[in-house]
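Residues per chain are reported as follows:
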Amino acid sequence: GESVGLHLPTLSVQEGDNSIINCAYSNSASDYFIWYKQESGKGPQFIIDIRSNMDKRQGQRVTVLLNKTVKHLSLQIAATQPGDSAVYFCAENPSAGGSYIPTFGRGTSLIVHP
Amino acid sequence: EAEVAQSPRYKITEKSQAVAFWCDPISGHATLYWYRQILGQGPELLVQFQDESVVDDSQLPKDRFSAERLKGVDSTLKIQPAELGDSAMYLCASSWTSGSMVTDTQYFGPGTRLTVL
């Protein structure tokens, strides 16, 4: 897996702008991906998911794009609001002997300036 | 809205002491997960239960950590003895379907912040 350090990648945006958060995953056998939002002092919160037979999925103000060729995920947040400020994690569910063991990637800290 | 409950929310202990964390998953959720999250990193799976059985505990340091889910509902994670490097957030999550389903969305609790002095 990826090595991670104490310093998270950070994305700073102005309120109302669109945000794009990127994630590279490691296992080509992964067939299910999830984006989580984690606010300070709280557990991760499910945002949106996508299966490997899709390349795009839209939710309310959020869109996830999946590029299996380069093993890349992105989360797009439209009209970013101050309440969107949090750490965002992507997670993959690679198959491991029939059980799905979720693996979290490195987080990205999103800071929204009013 | 149903939530995953965890207690305590914060725990400060001295090294070599024993600590225990409790988790009550969303009612009806068969699968329960314990994660450890070090500051600045993503959650790392420690143990996964399907009902009362352990599905995966390959990342659980078994010399000092133990986990149980005796009746297939709530769960306890114990550390004995605690070490300085155990300071982290311990997260519990649950999901409705079995661990073998592809779309196994997890719902996380608020976590227990452990500080070992």
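Scoring rules and cut-offs
Residues numbered from 1 in each chain as written. Chains lettered and ligands numbered in written order. Predicted model: local features only at pLDDT ≥ 70, side-chain atom pairs only at ≥ 80, totals over all residues. Heavy atoms only, no water. Helix = DSSP H or I, 4+ residues; strand = E, 2+ residues; numbered from the N terminus. Rg over C-alpha atoms; globule rule 2.2 N^0.38 Å. Buried < 20%, exposed > 50% of the residue type's maximum accessible area, 1.4 Å probe, protein only. Contact = heavy atoms within 4.5 Å. Areas by Shrake-Rupley, 256 points an atom, 1.4 Å probe, with all protein chains shown as cover. Lys, Arg positive; Asp, Glu negative; His and termini not counted. Charge placed at Lys NZ, Arg CZ, Asp CG, Glu CD. Pairing = 2+ DSSP bridges. Axes fitted to C-alpha atoms, helices over the stretch in contact; angles between N-to-C directions. Core = buried A, V, L, I, M, F, W, Y, C linked by side-chain atoms within 4.5 Å. Salt bridge = Lys/Arg side-chain N within 4 Å of Asp/Glu carboxyl O. Polar contact = N/O pair within 3.5 Å; in protein donor to acceptor, adjacent residues only side chain to side chain. Phe/Tyr/Trp six-rings, centres within 6.5 Å; stacked < 30°, edge-to-face > 60°.

Asker: So what exactly am I meant to see when it comes to the overall build of chain B here?
Answerer: In terms of helices and strands, chain B carries zero helices and eleven strands. Reading the helices (α) and strands (β) of chain B from amino to carboxyl end gives β-β-β-β-β-β-β-β-β-β-β. For 117 residues, the compact-globule estimate of 2.2 N^0.38 gives 13 Å, and chain B sits close to it at 13 Å. Considered along the principal axes of its C-alpha atoms, chain B spans approximately 40 × 30 × 25 Å. Counting over 117 residues, chain B shows a buried share of 49%. The long-range fraction of contacts in chain B, counting pairs at least 24 apart against all pairs at least 6 apart in sequence, stands at 55%. When the accessible surface of chain B is split by element, carbon and sulfur atoms take 50% of a total near 5600 Å². One finds the centroid of the 10 positive side-chain charges in chain B at a distance of 7 Å from the centroid of its 15 negative side-chain charges.

Asker: Looking at this model, I keep getting lost on the sheet that holds strand β1 (residues 5-7) of chain B. Mind explaining?
Answerer: Residue and element names in this part refer to chain B. Pairing is antiparallel in the open sheet, where four strands are placed in the order β1-β3-β8-β7. Across the chains shown, the open sheet's two edge strands, defined by having one partner strand only, are β1 and β7 (65-68). In this sheet, adjacent strand axes meet at a mean angle of 15 degrees when their direction is disregarded. Here β1 pairs with strand β3 (residues 19-24) via three bridges, running antiparallel. Bridge pairing in β3 places Q6 opposite C23.

Asker: Help me out: how do you make sense of the nonpolar core in this one?
Answerer: If you look at the biggest cluster of nonpolar residues, it comprises 20 residues, and the most contacted ones within it are F21, W34, L77, I79, Y90 and L114 of chain B. Grouped together as the second largest cluster of nonpolar side chains are 19 residues, V13, C23, V64 and L110 of chain A included.

Asker: Can you walk me through the pattern of salt bridges in this structure?
Answerer: Oppositely charged side chains are able to pair whenever their charged atoms sit close together. Inspection of every chain in the model, using the stated rule, returns seven salt bridges over all chains. A salt bridge links D84 of chain A to R61 of chain A; its shortest N-O distance comes to 2.9 Å. One end of the pair, D84 of chain A, is in the loop between β7 (72-77) and β8 (86-92); the other, R61 of chain A, is in the loop between β5 (56-58) and β6 (62-67), and 23 residues separate them in sequence. Taking relative accessible area as the criterion, D84 of chain A reaches 7% and is therefore assigned buried. The closest approach of N and O atoms between D86 of chain B and R64 of chain B, which form a salt bridge, is 2.6 Å. With D86 of chain B in the loop between β8 (75-79) and β9 (88-95) and R64 of chain B in the loop between β6 (53-56) and β7, this residue pair connects regions lying 22 residues apart in the sequence. A relative accessible area of 2% places D86 of chain B in the buried class. Salt bridges sharing common partners tie together R64, E83 and D86 of chain B.

Asker: Can you help me understand the side chain of R69 of chain B in this one?
Answerer: All names here are of chain B. Structurally, the position occupied by R69 is in the loop between β7 and β8. Engagement of the side chain of R69 in a polar contact is seen with the backbone oxygen of H29, the distance being 3.1 Å. A polar contact is formed between the side chain of R69 and the backbone oxygen of D51, at a distance of 3.0 Å. Those residues in contact with R69 that sit more than four places away from it in its chain are P25, H29, A30, T31, L32, F49, Q50, D51, E52, D74 and S75.

Asker: What's the story with the sheet that holds β7 of chain A in this structure? I'm lost.
Answerer: Consider a sheet: its strands pair through backbone hydrogen bonds, and that pairing is either parallel or antiparallel. Residue and element names in this part refer to chain A. Within the open sheet, the four strands sit side by side as β2-β7-β6-β5. Their pairing is antiparallel. Either end of the sheet is taken by a strand with one partner, and the two such strands are β2 (19-24) and β5. Here the strands of the sheet are splayed against their neighbours by 15 degrees on average, with no regard to which way each runs.

Asker: Sorry if this is basic, but what is going on with the packing of aromatic side chains here?
Answerer: Any two aromatic rings considered together are summarised by their centre-to-centre distance and by the angle between their planes. Counted under the stated rule, the structure contains eleven aromatic pairs over all chains. A ring pair is formed by Y36 of chain A and F104 of chain A, whose centres lie 5.3 Å apart and whose planes are at 35 degrees; its orientation type is tilted. Of this pair, Y36 of chain A sits in strand β3 (residues 32-38) while F104 of chain A sits in strand β11 (residues 103-104), placing them 68 residues apart in sequence. A relative accessible area of 1% means that Y36 of chain A is categorised as buried. The class of F104 of chain A is buried, set by a relative accessible area of 12%. Here the aromatic rings of Y35 of chain B and F108 of chain B are separated by 5.4 Å at their centres, their planes lie at 40 degrees, and the arrangement is tilted. Remark: F108 of chain B occurs in strand β10 (residues 107-108) and Y35 of chain B occurs in strand β4 (residues 31-37); sequence separation between them is 73 residues. Across the pair, exposure class does not vary: Y35 of chain B and F108 of chain B are buried alike.

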